[in-house]
Amino acid sequence: MNDHQMPGAGHDTEVQLQQLYQEVILDHYRKPRNKGVIAASTHQLTLNNPLCGDVVELQLVVRDGKIVDAAFEGSGCSISQASASMMTERLKGRRVADALELDATFTRMLHGDEAAASDEDLGDLRALAGVSRFPVRIKCALLAWNCLEELLEAPA
Amino acid sequence: MTAKALDVERIRNDFPILNRKIHGQPLAYLDNAASSQKPAAVIAAVSGYFLNSHANVHRGAHQLSVEATDAYESARAVVADFIGGRTKELIFTRGTTESINLVANSWGAAHLAEGDEVLLTLMEHHSNLVPWQLVAARAGARLKFVGLTPDGRLDLEDLAAKLGPRTRIVALTHVSNTLGVVNPVAEVARLAHEAGALCLVDGAQAAPHLLVDVVDIGCDFYAFSGHKMCGPTGIGALWGKKELLDAMPPWQGGGEMISEVQLEHSTWAAVPHKFEAGTPSVGDAVGLGAAVRYLSQVGLEAIHSHEIELTEYALERLTELEGFELFGPREDRVGVISFRFGDIHAHDLATILDARGIAIRAGHHCNQPLMRHLGVDATARASLYLYNTRAEIDALVEGLIAAKTLFGGFA
């Protein structure tokens, strides 16, 4: 009587989901690195995504044009929080100009640029390449990076 | 009287979009609290109006203008009748949000003074909160909020305690868009009147699902939206008691709403046109009229019992899942099911379910103060309507199990 059976996800979509939720991403979601407060931060900014409620507060210690420490606070989906966690790992010890370059590469990767997705400078962040197949989730992955841009591009 | 049973397979045939495939999977549309889908009868009414009868309303002496005016005004009559109101008391608006803004700005600006109080609840949608914040700030009035019981109902003792001599209006939702709870609005209206206050009911989540009678409720204003009840977006209504509407000043000025215009002053058209400045959304009003006819034909009792039965089935299956946590009561509710599932964020759940063709909502549901009260930043929400089936609930349950597997269990 019921001809609209409900099978599971199709094969392609299932593969895309597995690429989206890789172990390394879930690991950063559940055991975030550099999560907490840096008392002596030189830069800090909180951004939220009003549509879904994701929040990231990024804190940086920048000295002589170099990011010497980075941490974040926040709550939200696995993509937003894992992205923030991985980002802070890749920022420490990086010059501000390099950090902005990393941001540009990461952003290109999320918009489907395959050359960017194979850039080794991204490290673990390459695990987030699968987000490009889920357009509504790109803003989740970019939340922490939007904080970074606003903090580093602001006039000193 | 027993309601005639609802034939879901037949109903589904009335909604062309339900044949869509999403990511190659059949669509299971469980986001009805955000917006419902449209039956072919509504789509045909809107398109038929533009194909055959469109002109501006209440103006020309030509045939098409007469037909357009008839179509618009007869839509008003069926929509008013649908909620038990009189035609003259039914104002077309863009939706619930605009209806509440109309009351806050027109009635509020005329009647709220410094030190007066507006009593709201912790479960209000932003559309029944922010308009009052704006008008209260201008008037120097205070907002007060009725709290909730631990299982997510309105705390009536708290309501009685917060109603006072300065309370001018109690504005509350009929059905919570997050908790799914049905509030005892008739009792609240009675308590409000005893305290000398008015009562506005936000019916956005109730009018599509319950047999509403504004006279039985005894409220002063009732606001609702077309798009959540099978009608088009951009159309909704405000019902109000005639004597209140008559005494209220216009909110927006322009064409349609005037009687006579001089250079320095004007007089106003009678209610409801006094509150309908500018050319209205005639095609959408016609569509809402068709939606109301469709819902009445299926029968609100039949729709309600179908949804209640499906909600019970859904809660039975979902609460068997380890890690499933429901927000809102088990009883006195409709099919708005907000939940969290282990440590998988609502947004991740929505993505995983979407891959299986299942549409749910994830987020704060325009309910940020309630989210803070519940101690969460977001919930997942599945919301049901007349065309949903047990097979779709089964798909939701399987989708959640798949999400847990994908996440390697819960942390």
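Residues numbered from 1 in each chain as written. Chains lettered and ligands numbered in written order. Predicted model: local features only at pLDDT ≥ 70, side-chain atom pairs only at ≥ 80, totals over all residues. Heavy atoms only, no water.

Undergrad: A description of the overall build of chain A should follow, citing residues and the corresponding values.
TA: The secondary structure content of chain A amounts to six helices and three strands. For chain A, the α and β elements follow one another from N to C terminus as α-α-β-β-β-α-α-α-α. Its C-alpha atoms give chain A principal-axis dimensions of roughly 70 × 30 × 25 Å. When burial is assessed residue by residue, chain A has 48% of its 156 residues classed as buried. Contacts in chain A between residues far apart in sequence, at least 24 positions, make up 60% of those at least 6 positions apart. (Helix = DSSP H or I, 4+ residues; strand = E, 2+ residues; numbered from the N terminus. Buried < 20%, exposed > 50% of the residue type's maximum accessible area, 1.4 Å probe, protein only. Contact = heavy atoms within 4.5 Å.)

Undergrad: Account for the pairing of strand 5 (residues 117-121) of chain B, naming residues and giving values.
TA: Residue and element names in this part refer to chain B. When you tally the buried positions in strand 5, you get five out of five residues, the bulk of the element. With burial as the criterion, each face of strand 5 is covered, one bearing E117, L119 and T121 and the other bearing V118 and L120. Sheet analysis places strand 5 next to strand 6 (residues 142-146), joined by five bridges and oriented parallel. Across the sheet, T121 pairs through a bridge with V146, a residue of strand 6. (Pairing = 2+ DSSP bridges.)

Undergrad: Mind laying out the interface of chain A and chain B, listing which residues take part and the relevant values?
TA: In this assembly, 33 residues from chain A lie in contact with 32 residues from chain B. Both sides of the chain A and chain B interface together cover about 2,400 Å² of buried area, and 54% of this is carbon and sulfur. Here chain A and chain B share two salt bridges between them. With a closest N to O distance of 2.7 Å, A:R30 and B:D343 form a salt bridge. Those elements that provide at least two residues to the side of chain A that touches chain B are helix 1 (11-20), helix 2 (23-30), helix 3 (78-91) and helix 6 (138-153) of chain A. Ranked by the residues each element gives to the side of chain A that touches chain B, the list is headed by helix 1 of chain A, at five residues. The residue inventory of the side of chain A that touches chain B, partitioned by class, reads 16 nonpolar, eleven polar and six charged. (Buried area = accessible area lost by both parts, 1.4 Å probe. Salt bridge = Lys/Arg side-chain N within 4 Å of Asp/Glu carboxyl O. Nonpolar A, V, L, I, M, F, W, Y, C, P; charged D, E, K, R; others polar.)

Undergrad: Explain the nonpolar core to me, using residue names and the numbers behind them.
TA: Judged by nonpolar contacts, the single largest core of 80 residues is most densely connected at A:L60, A:I79 and A:F106. With eleven residues, helix 6 of chain A is the largest single contributor of residues to this core. Not counting residues up to four positions away in its chain, the partners in contact with A:F106 are A:S83, A:L122, A:L125, A:L128, A:A141, A:L142 and A:W145. In this structure, B:V8, B:L159, B:A192 and B:Y222 belong to the second largest nonpolar core, which totals 78 residues. (Core = buried A, V, L, I, M, F, W, Y, C linked by side-chain atoms within 4.5 Å.)

Undergrad: Help me get a handle on the sheet that holds strand 13 (residues 324-327) of chain B, residues and values and all.
TA: Residue and element names in this part refer to chain B. Taken in spatial order, the four strands of this open sheet run 13-14-17-16, and their pairing is antiparallel. Edge positions in the sheet fall to strand 13 and strand 16 (361-363), since each has one partner strand and no second. Strand after strand, the sheet turns through a mean of 35° between neighbouring axes, direction not considered. Strand direction decides the pairing type here: strand 14 (residues 336-341) and strand 17 (residues 379-383), joined by four bridges, are antiparallel. Looking across to strand 17, one finds that I337 is bridged to A382. (Axes fitted to C-alpha atoms, helices over the stretch in contact; angles between N-to-C directions.)

Undergrad: Can you break down the environment of B:A34 residue by residue, with the values?
TA: Residue and element names in this part refer to chain B. Along the chain, A34 turns up in the loop between strand 3 (28-29) and helix 2 (40-52). Between the alpha carbons of A34 and E114 there is a distance of 36 Å; along the sequence they are 80 residues apart. Beyond its immediate sequence surroundings of up to four residues, A34 is in contact with H227, K228, R361 and R381.

Undergrad: With reference to specific residues and values, describe the packing of aromatic side chains.
TA: Residue and element names in this part refer to chain B. The full count for this structure, using the stated rule, is eleven aromatic pairs over all chains. Ring centres of Y49 and F50 lie 5.0 Å apart, and the angle between their planes is 70°; this geometry places the pair in the edge-to-face category. What makes Y49 buried here is its relative accessible area of 3%. F50 gets classed as partly exposed once you look at its relative accessible area, which sits at 48%. Aromatic side chains Y72 and F92 sit 5.2 Å apart centroid to centroid with 45° between the ring planes, which places their arrangement in the tilted category. Of this pair, Y72 sits in helix 3 (residues 63-82) while F92 sits in strand 4 (residues 90-93), and the two are 20 residues apart along the sequence. Judged by its relative accessible area of 1%, Y72 is buried. (Phe/Tyr/Trp six-rings, centres within 6.5 Å; stacked < 30°, edge-to-face > 60°.)

Undergrad: Describe in detail helix 7 (residues 185-194) of chain B, supporting the description with residues and values.
TA: Residue and element names in this part refer to chain B. Where helix 7 is concerned, the buried positions are V185, V188, A189, L191 and A192. In an axial view of helix 7, the angular spread of the buried residues amounts to 165°, which keeps them on one side of the axis. Those residues of helix 7 that are buried are in contact with helix 6 (156-162), strand 7 (167-173), strand 8 (198-202) and helix 8 (214-217). Downstream of helix 7 by one or two residues, G196 has phi in the positive range, about 80°. (Arc of directions from axis to C-beta.)

Undergrad: Tell me about a nonpolar patch on the surface, and please be specific about residues and values.
TA: On the surface, B:I258, B:V261 and B:W268 cluster together into a nonpolar patch covering about 270 Å² of accessible area. Note that B:W268 resides in strand 12 (residues 266-268). (Patch = residues over 30% accessible without salt bridge, like charges linked within 9 Å, V, L, I, M, F, W, Y side chains within 5 Å. Areas by Shrake-Rupley, 256 points an atom, 1.4 Å probe, with all protein chains shown as cover.)

Undergrad: Explain the domain arrangement of chain B to me, and be specific about the residues and the numbers.
TA: Residues and elements named next belong to chain B. Domain annotation for chain B reports domain 1 (8-30 + 299-406) and domain 2 (43-296). Its C-alpha centre places domain 1 at a distance of 28 Å from the equivalent point of domain 2. Listed per partner, the contact involves 32 residues of domain 1 and 30 residues of domain 2. Taken together, the two surfaces of domain 1 and domain 2 that pack against each other cover about 2,600 Å², and 59% of this comes from carbon and sulfur. Applying the counting rule to domain 1 against domain 2 returns one salt bridge. We note a salt bridge from D332 to R153, for which the minimum N-O separation is 2.4 Å. At the boundary of domain 1 and domain 2, one finds 17 residue pairs in polar contact (both at pLDDT 80 or more). Looking at the side of domain 1 that touches domain 2, the elements that each hand over two or more residues are helix 11 (300-319), strand 14 and helix 13 (368-374). Examining the composition of the side of domain 1 that touches domain 2, we find that six residues originate from one element, helix 13, more than from any other. Taken together, the residues that form the side of domain 1 that touches domain 2 break down as 16 nonpolar, nine polar and seven charged. (Domains from an automatic or database assignment. Polar contact = N/O pair within 3.5 Å; in protein donor to acceptor, adjacent residues only side chain to side chain.)

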